[in-house]
Structures are given as C-alpha cells and as structure tokens.
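Breakdown of the fold
These are the residues of each chain, in order.
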Amino acid sequence: MKRFEDKVVIITGGGSGLGRASASQIAKEGAKLVLVDLNKAALEESKSGILSETPSAVVELVEANVAEEKEVEKFVNFTIDKFGKIDGFFNNAGIEGKQNLTEDFGIDEFNRVVNINLNGVFYGMKHVLKEMKKQGFGSIVNTASVGGIRGVGNQSGYAASKHGVVGLTRNSGIEYGQYGISVKAIAPGAIMTPMVEGSLKQIGGDNWEEAGKEFVSVNPMKRFGKPEEVGYLVAFLLSNHADFINATVIPIDGGQSYK
Ligand code: NAD
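Residues numbered from 1 in each chain as written. Predicted model: local features only at pLDDT ≥ 70, side-chain atom pairs only at ≥ 80, totals over all residues.

A look at the domain arrangement of the chain
What counts here: Residue ranges for the domains originate in an automatic or database domain assignment. By definition, residues are in contact whenever their C-beta atoms, placed on the basis of the backbone, come within 7 Å of each other. Residues are grouped as follows: nonpolar covers Ala, Val, Leu, Ile, Met, Phe, Trp, Tyr, Cys and Pro; charged covers Asp, Glu, Lys and Arg; every other residue, Gly included, is treated as polar.
When the domains of the chain are assigned, the result is domain 1 (8–189 + 231–251) and domain 2 (191–224). Of note, the centres of domain 1 and domain 2, computed from C-alpha atoms alone, are 24 Å apart. Listed as interface residues are 7 residues of domain 1 and, on the opposing side, 7 residues of domain 2. Its residues assigned to classes, the side of domain 1 that touches domain 2 shows 2 nonpolar, 4 polar and 1 charged.

Take a look at the structure:
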C-alpha cells in the first residue's frame, strides 16, 4: 500500500537524523518530497540515499534557515509553484544547544535555541497552514520532545522551546480542524542521531559511548530509539490514516515519559 501516491510532503531538517529517516520512509510510499535544511551537503546526501533505495522518488532540495521567516516563506512558495499543493508538513528542524544550569544559561544561547526550535516551527505552521486552509486538507507533524512534556534538566532553552511547540500544536489543531487539517506533535525520547551523539560528547567526551550506555539505562527498554522507528510514526501521522488525530502529542520514547 502506498499511502503517499500523488502526495506532496515538506520536511525540514531533512538533511539528517529524524528528517532524513522520515523522508526515506515517505518516499518509499510514493510521496513527492521537498527537503529543507541549512546544510546543503547534508541535503544532497539525503537525496542520494533516498534515490538509491527508491529510484523513482521525486526529491526537491531547498537550502533555508527555518529561523528566518522570509526563508520559510520561500520554501513554502517553492513547493506551491512546483507541485500546486502541500499534503503533509514535517516541521522538524531543531537543535539541542548547550547544556547548563538555569542560573548559568546565557540569554544569547537561550534565544538562539528558541529562535530555531520555537519561532522556526511557528513560521512553518503559519505559512503552511495558510496554504492548507485554501486547499481544505493537510496534515502537520511538529517535532517536540520528551523535554517538551516533562523536565529533563540543564536545558532551559530546549525545554522552553519544546513545551512551546506542544502549545502551538494544540492551539493550531483546535483552530484548523474545521478546515480538514490536523496538527499533531511527536515527542521523541533519545533517538540515536548526530544530534544525540553531539550531546553525549558534551557529557562524556571521548567516553561518549559509555555515557550513552548510562544514559539509556534509565529507559524502560534500555536502548536508544532508531531514526527509522520515528520515520514509521511520522509516515503514519502524515497519512490519511491519522486524519482524526489532532491537537495532541504522541510520545515515541520506549516508555521514558511515564516512568
Ligand atoms: P540532527 O542534528 O540529526 O538533524 C537536524 C537537522 O536540522 C540537521 O540536518 C540540521 O542541519 C538541521 N537544522 C538545524 N537548524 C536548522 C535551521 N535553523 N534551519 C534549517 N535546518 C536546520 O537532529 P535530529 O535528532 O534528527 O533532530 C530533529 C528534531 O528532533 C529536532 O527538532 C530535535 O530537537 C528533535 N528531537 C530529537 C531527539 C533525538 O533523540 N534525536 C529527541 C527529541 C527531539
């Protein structure tokens, strides 16, 4: 079954981790993809990976910074000009930022993280929802985090931004459900991507793999999630099978949030 035949899906942060894994899954199911990222080389790598798995895939690349509203407008307009509609939007690009106690958390770092993770998600929703409302259909998946539904510590900017993403999701889901549009968020736990590797290196330095083992020892499933496991969830949530799931947050964390 190809749930994305004739469907157009935009994915931000498509050059790595969760964005890349979701793109790969959705391409297998027939979507035309617009991948967005700051990193052009990473985008090219995602595209060649997808084409090697799915030679018939249609993959367009747009280099853009989600923290700049004009650049967000640019990739939304590009998609409409190219394909005439947006069926799905995985609003996913984000960073973790530096870890620090609240009293030591610099305002520049706080603003940097919030600008990308929260303002970036807001700009994406704003411009995509405008198009989806005209069409009368569409599905948006925002990437929040376990750190957006409970405290994890040492991450003031990240926690504020991801709790904000949950708020934006609930707010817009309630506003736009009447237009045939659903808005949901995912809350991943620790999924082994370059972002998590970077964060383990901040904690453990050269011994980051050991730090990783300690990190997952508190997870009920005693392991990291795999990017492709998130890809399966995102594909489901963006498909018509999940049209009635709206204004809510779905954890994918091995049970960590409920421990
Ligand atoms: P990643 O670092 O592997 O990928 C993130 C991608 O986003 C990169 O390609 C990066 O270049 C891009 N990006 C960063 N800032 C950008 C910007 N301003 N504009 C455009 N692109 C930008 O990380 P990931 O683990 O795949 O994370 C993806 C999302 O998932 C993030 O929002 C992150 O907070 C969230 N998340 C990840 C985990 C995890 O364990 N991996 C857990 C919870 C939430």
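That was the structure; now back to the text.
Focus on helix α1 (residues 17–28)
Rules: Helix and strand definitions follow DSSP, with helices as H or I runs of at least four residues and strands as E runs of at least two, each counted in order from the N terminus. To estimate how far a helix should extend, the number of its residues minus one is multiplied by 1.5 Å. Whether a residue is buried, exposed or partly exposed is read from the other C-beta atoms within 10 Å of its own C-beta, which are placed from the backbone; 20 or more gives buried, 12 or fewer gives exposed, and intermediate counts give partly exposed.
The end-to-end C-alpha distance of α1 is 17 Å, a good match for the 16 Å that 12 residues give at a rise of 1.5 Å each. The element α1 is largely enclosed, with a buried count of 11 among its 12 residues. Buried residues of α1: Gly 17, Leu 18, Gly 19, Arg 20, Ala 21, Ser 22, Ala 23, Ser 24, Gln 25, Ile 26 and Ala 27, and no others. Where α1 ends, the next residue or the one after it, Gly 30, has phi of about 100°, a positive value.

Things to note about the site of the ligand
Keep this limit in mind: Using the backbone to place each C-beta atom, any residue with that atom within 6 Å of a molecule or strand is considered near it.
In the vicinity of the ligand there are 29 residues, among which Gly 13, Gly 17, Gly 94, Thr 193 and Met 195 approach most closely. Counting only elements with at least two residues in the shell around the ligand, the list comes to α1, α4 (107–135) and α6 (194–204). Mapping the shell around the ligand onto the domain boundaries places at least three of its residues in each of domain 1 (8–189 + 231–251) and domain 2 (191–224).

Remarks on the confidence of the model for the chain
Defined as follows: pLDDT measures the predictor's confidence residue by residue and takes values from 0 up to 100.
When pLDDT is averaged along the chain, the result is 97, and 100% of the positions lie at 70 or above. Across the whole predicted complex the pTM is 0.98, and at the interface the ipTM reaches 0.99.

Some words on the packing of α1 against helix α2 (residues 40–53)
Heads up, the rule is: Every angle, taken between N-to-C directions, lies between 0 and 180 degrees, and every axis is a line fitted to C-alpha atoms, over only the stretch in contact when it is a helix. Angle categories: roughly parallel below 35 degrees, roughly antiparallel above 145, roughly perpendicular from 65 to 115, and oblique for all the rest. Helix crossings are classified by the rotation of the near helix relative to the far one: an anticlockwise turn of less than a right angle makes the crossing left-handed, while a clockwise turn makes it right-handed.
At their nearest, the axes of α1 and α2 sit 10 Å apart, and the two run at 30° to each other. Relative to α2, the element α1 lies roughly parallel. Considering how the two elements wind past one another, α1 and α2 form a crossing that is right-handed. In this structure, α1 uses Arg 20, Ala 23, Ser 24, Ala 27 and Lys 28 to contact α2, whose residues at the interface are Ser 46, Gly 49, Ile 50 and Glu 53. Considering only residue class, the contact of α1 with α2 consists of 3 nonpolar, 3 polar and 3 charged.

Examining unusual backbone geometry
Despite not being glycine, Asp 6 shows a phi value in the positive range, around 65°. For Asp 6, a count of 11 C-beta atoms within 10 Å corresponds to the exposed category. The phi angle at Asn 154 is positive, at roughly 65°, despite the residue not being glycine. Mapped onto the elements of the fold, Asn 154 is located in the loop between β5 (138–143) and α5 (156–176). Residue classification places Asn 154 among the partly exposed residues on the basis of 16 C-beta atoms within 10 Å.

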